[in-house]
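Geometric and topological summary
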Amino acid sequence: MTSPIPAPGEPLPHYVSTAPFDPYSVEVMTEEQVRVNQASQLRLMWWKFRRHKLALASGIFLAALYGMILICEFLAPYNLHTRNVDFIYAPPQRVHFFHEGAFVGPFVYGRTMALDMDTLKRNYTDNRSNIEPIRFFCRGDGYRFWGLFDSNLHLVCPAKDGQLFLLGTDRLGRDVLSRIIYGARISLTIGLLGITVSFVLGIVIGGLAGYHGGIFDLVVQRIIEVLQSIPSIPLWLSLAAIMPATWSPILIYLGITVILGLLDWTGLARAVRSKLLALREEDYVLAAQLMGARSSRIIGRHLVPGFMSHLIATATISIPGMILGETALSFLGLGLRPPITSWGILLTEAKSVSVIAFYPWLLFPTIPVILVILAFNFLGDGLRDAADPYK
């Protein structure tokens, strides 16, 4: 049925509803949509990061490692400098739970050593009649916790008058596992301190060069080109060789950290400069300038947060690079020196091909280096995506 056509001069029919208008009836959101709509920026970033399972697992792994370095004296079965002269170059021991079909608990078999007079190689055999149970939360080698107080409490200890070398021993009979745990404190913190130096220099120098330009930008670019044209390893070696041999281990540690930071800021500075060259023309930058904001505030509060995802990715890539740099310098004998222990220093035990052939467990310090580098890369991917949750 068609509506009648109004005669000329008559008003058109009025079809507008006179009922009260409810704006929420136009689009009814689900509970999930309401939760997302009301969530803060940090919560949105966390939700997106949590969906990256590999990055989440890497973050948990790195958090556990950095928490471990706080109590490495407690976690290590032996003291850092404990020598077992009767068990030099002892291979890793296997942990057992059953003996002759009966459950005993975690234990290792005692060992006997026989010297091969033809090759002068120590041959170790398990004595299956000697069961050495592994103790937990026990008293063992003494240590000075963070240099503050003395203690001898350990998470894991060998049996009374027994041995526990889960990753073997080195040429002085020192437990490799304990030294890896102690070495994590130096190798992991040197990356954090180095990236702090690198980020401060890269953001400040690159930010000023990109924001102001002119002669300062020209000079900075030439300095960066000169530094990047020098091969990194010879430059590391020359700078490390400058440090006096009379310096204490702590000064050498700080010196290596500063060297790694001074050589890593150039790439970040160029990235920051290129970003600021594009962002400084935005309207909000002009508004901040008209309101009297200083350059440091504009760069720090308005420009740098605009590419925070790039900075996060750069940091997570640079930290493993610095760990590798310290490892390489220490392996070449120009980095950290004993009594400081790092993963690079531990690898100096495996310089000889014959040592690697006869005692391959001395290469175990490479495993945490590889795992940490992979974890930082995966974590960087997740943080980079989570830094912009609206994409």
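Residues numbered from 1 in each chain as written. Predicted model: local features only at pLDDT ≥ 70, side-chain atom pairs only at ≥ 80, totals over all residues. Heavy atoms only, no water.

Across all of its chains, the model carries 1 disulfide by this definition. The disulfide partner of Cys138 is Cys157, and the S-S distance across this bridge is 2.2 Å. Handedness of the Cys138-Cys157 disulfide follows from its S-S torsion of about 110 degrees: it is right-handed. With a gap of 19 residues between them, Cys138 in strand S4 (residues 135–145) and Cys157 in strand S5 (residues 149–157) connect regions that are remote in the sequence. For Cys157, a relative accessible area of 0% puts it in the buried group. Free cysteine Cys72: the closest other cysteine sulfur is in Cys157, separated by 15 Å. Among the residues examined, Cys72 registers a relative accessible area of 0% and is labelled buried. (Disulfide = S-S within 2.5 Å. Helix = DSSP H or I, 4+ residues; strand = E, 2+ residues; numbered from the N terminus. Buried < 20%, exposed > 50% of the residue type's maximum accessible area, 1.4 Å probe, protein only.)

Attention now goes to the UniProt feature "transmembrane region" (unreviewed entry) in the protein. UniProt records the feature "transmembrane region" (unreviewed entry) for residues 54–76, 186–211, 250–272, 311–336 and 356–379 in the present numbering. As annotated, residues 54–76 has a helix share of 83% and a strand share of 0%, and its two end C-alpha atoms lie 28 Å apart. What you have in residues 356–379 is 71% helix and 0% strand, and the ends, taken at the C-alpha atoms, are 32 Å apart. (UniProt positions renumbered as here; feature names shortened; annotations may be inferred.)

Enumeration over the complete set of coordinates arrives at 11 aromatic pairs. Between Phe358 and Tyr359, the aromatic rings sit 6.2 Å apart at their centres with planes inclined by 45 degrees, giving tilted as the arrangement. The structure contains a cluster of three or more aromatic residues connected by ring pairs, namely Tyr78, Phe87, Tyr124 and Phe165. Taking the ring centre of Trp146 as reference, the NZ or CZ of Arg185 above it sits at 4.1 Å. (Phe/Tyr/Trp six-rings, centres within 6.5 Å; stacked < 30°, edge-to-face > 60°. Lys NZ or Arg CZ within 6 Å of the ring centre and 35° of its normal.)

This brings us to the pairing of strand S3 (residues 121–133). Pairing between strand S2 (residues 102–116) and S3: 10 bridges, direction antiparallel. Note that in S3 the partner of Met113 across the bridge is Tyr124. Hairpin geometry of S2 and S3 is characterised by an intervening segment of 4 residues between the two adjacent antiparallel strands and by a positive phi of about 55 degrees at Leu120. (Pairing = 2+ DSSP bridges.)

A few words now on the side chain of Asn79. If you trace the backbone, Asn79 turns up in the loop between helix H4 (72–75) and strand S1 (96–99). Taking the relative accessible area as the measure of exposure, Asn79 reaches 18% and is therefore buried. In terms of polar contacts, Asn79 uses its side chain to reach the backbone amide nitrogen of His81, at 2.9 Å. The contacts of Asn79, once residues within four sequence positions are left out, are Asp141, Gly142, Tyr143 and Tyr182. (Polar contact = N/O pair within 3.5 Å; in protein donor to acceptor, adjacent residues only side chain to side chain. Contact = heavy atoms within 4.5 Å.)

Counted by the stated rule, this structure contains 10 salt bridges. The partner of Asp126 in a salt bridge is Arg111, and the shortest N-O contact between them spans 3.3 Å. Taken together, the positions of Asp126 in strand S3 and Arg111 in strand S2 put the pair 15 residues apart, joining distant regions of the chain. In the salt-bridge network here, residues are joined through shared partners; they are Asp170, Arg171, Arg174, Arg179 and Glu349. (Salt bridge = Lys/Arg side-chain N within 4 Å of Asp/Glu carboxyl O.)

Along the chain, Arg185 turns up in helix H5 (residues 176–212). Ignoring any residue separated from it by four or fewer positions in sequence, one finds Arg185 in contact with Ile69, Leu70, Ile71, Cys72, Glu73 and Trp146.

Moving on: a nonpolar patch on the surface. A surface patch of nonpolar side chains, about 690 Å² in accessible area, is lined by Val200, Val204, Leu208, Ile215, Phe216, Leu218, Val219 and Ile223. Those elements that place two or more of their residues in the nonpolar patch are H5 and helix H6 (214–229). Top contributing element to the nonpolar patch by residue count: H6, with 5 residues. Tracing the chain through its elements places Leu218 in helix H6. The class for Leu218 is partly exposed, based on a relative accessible area of 46%. (Patch = residues over 30% accessible without salt bridge, like charges linked within 9 Å, V, L, I, M, F, W, Y side chains within 5 Å. Areas by Shrake-Rupley, 256 points an atom, 1.4 Å probe, with all protein chains shown as cover.)

Let us now look at helix H14 (residues 366–386). A rise of 1.5 Å per residue sets the reference length of H14, with its 21 residues, at 30 Å; its end C-alpha atoms lie 30 Å apart and thus fit the reference within 8%. Of the residues making up H14, those classed as buried are Pro368, Val369, Val372, Ile373, Ala375, Phe376, Leu379, Gly380, Gly382 and Ala386. Looking at the buried residues of H14, the elements they touch are helix H2 (41–51), helix H3 (53–68), H5, helix H11 (308–331) and helix H12 (343–347). (Expected span 1.5 Å × (residues − 1).)

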